[in-house]
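Below are the chains, spelled out letter by letter.
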Amino acid sequence: MCALPATLGRDSGTAAVVLDDRDVSRRHARIEIVDNELVLTDLGSTNGTYVNDARVARRVLVPGDRMRIGRYELTWALVDPQATVAVSPGQLTAVRQPTPSEEHSAAPSASPVGALVLTGLGAGLQIDVDDHSVLPWVAVAFVLYLAAVIITLAVNVPLNDAIKAAGNPDRVDDLAAVRSRFSEAKWAAWNVVRALVSTAAFGCLAGSLVEYGALS
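Residues numbered from 1 in each chain as written. Predicted model: local features only at pLDDT ≥ 70, side-chain atom pairs only at ≥ 80, totals over all residues. Heavy atoms only, no water.

Colleague: Give me the packing of helix α2 (residues 113–127) against helix α3 (residues 135–165): which residues, what numbers.
Modeller: Two elements in contact, α2 and α3, have axes whose closest approach is 9 Å; the angle formed by their N-to-C orientations is 155°. Between α2 and α3, the angle falls in the class roughly antiparallel. The interaxial crossing formed by α2 with α3 has left-handed handedness. Where α2 abuts α3, its residues V113, A115, L116, T119, G120, G122, A123 and Q126 lie against L135, V138, A141, F142, Y145, L146 and V149. (Axes fitted to C-alpha atoms, helices over the stretch in contact; angles between N-to-C directions. Helix = DSSP H or I, 4+ residues; strand = E, 2+ residues; numbered from the N terminus. Parallel < 35°, antiparallel > 145°, perpendicular 65-115°, else oblique. Left-handed = near helix turned anticlockwise from the far one by under 90°. Contact = heavy atoms within 4.5 Å.)

Given below as structure tokens:
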């Protein structure tokens, strides 16, 4: 195990990751974290550094990329948030922190639509009862869940769709450019607002239960 950045090469004196092959240069390539991206850089090697069978000088790596240095074919995967790299004969596994765009696209988005529908039904059931003291709590919760739905549809969903429109990450040449076009600060800010609104709505529903218990 060694920390990133790490130099890959044939010389055990200068390379953190030693690849014992005469086709590998003494200091062949470097792998490092740059702006939360895993970057492979050729260090002027004689026989070149290849990613997915294409010779590269510098490449932002994405999950599934196959790196080839000399007779070594190297792969990497998201395994651990620590920036370390492990090497076994014929295989390299580099691990890095996922990018925000990967986090947003991979994490399931909790939709408040179901809560909105059920809260609306609950409010409807309260209309015909004699005591309407519970109704204001449920009505406020409904309005808050409606606001959460509007935020989701107006802000979060379009930004998520923009990421998806970039295509399969394995086939995107410049993930850094995709990330730069993604309004991460806007997504995160409105997601916090959505979470606060949903929490307030849940609190109102809890208040309605307390009120209902007092009536019983």
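Colleague: Lay out the environment of G44 in plain terms, naming residues and giving numbers.
Modeller: Structurally, G44 is set in the loop between β5 (37–42) and β6 (49–51). G44 gets classed as exposed once you look at its relative accessible area, which sits at 65%. With 13 residues separating them in the primary sequence, G44 and A57 have C-alpha atoms 8.1 Å apart. (Buried < 20%, exposed > 50% of the residue type's maximum accessible area, 1.4 Å probe, protein only.)

Colleague: Describe the sheet that holds strand β4 (residues 29–34), listing the residues and the values that go with them.
Modeller: The strand order across the open sheet formed by 5 strands is β3-β2-β4-β5-β8, and the pairing between neighbours is mixed. Of all strands in the sheet, those with a lone pairing partner are β3 (17–18) and β8 (58–60), marking the two edges. (Pairing = 2+ DSSP bridges.)

Colleague: Outline α2, supporting the account with residue identities and numerical values.
Modeller: Under the 1.5 Å per step criterion, the end-to-end length of α2 is 22 Å for 15 residues, consistent within 8% with the ideal 21 Å. Along α2, the positions that sit buried rather than exposed are L116, T119, A123 and Q126. One face of α2 carries all of its buried residues, which in axial projection span an arc of 85°. Turned more than 90 degrees from where α2 packs its buried face, L118, L121 and L125 sit exposed. (Expected span 1.5 Å × (residues − 1). Arc of directions from axis to C-beta.)

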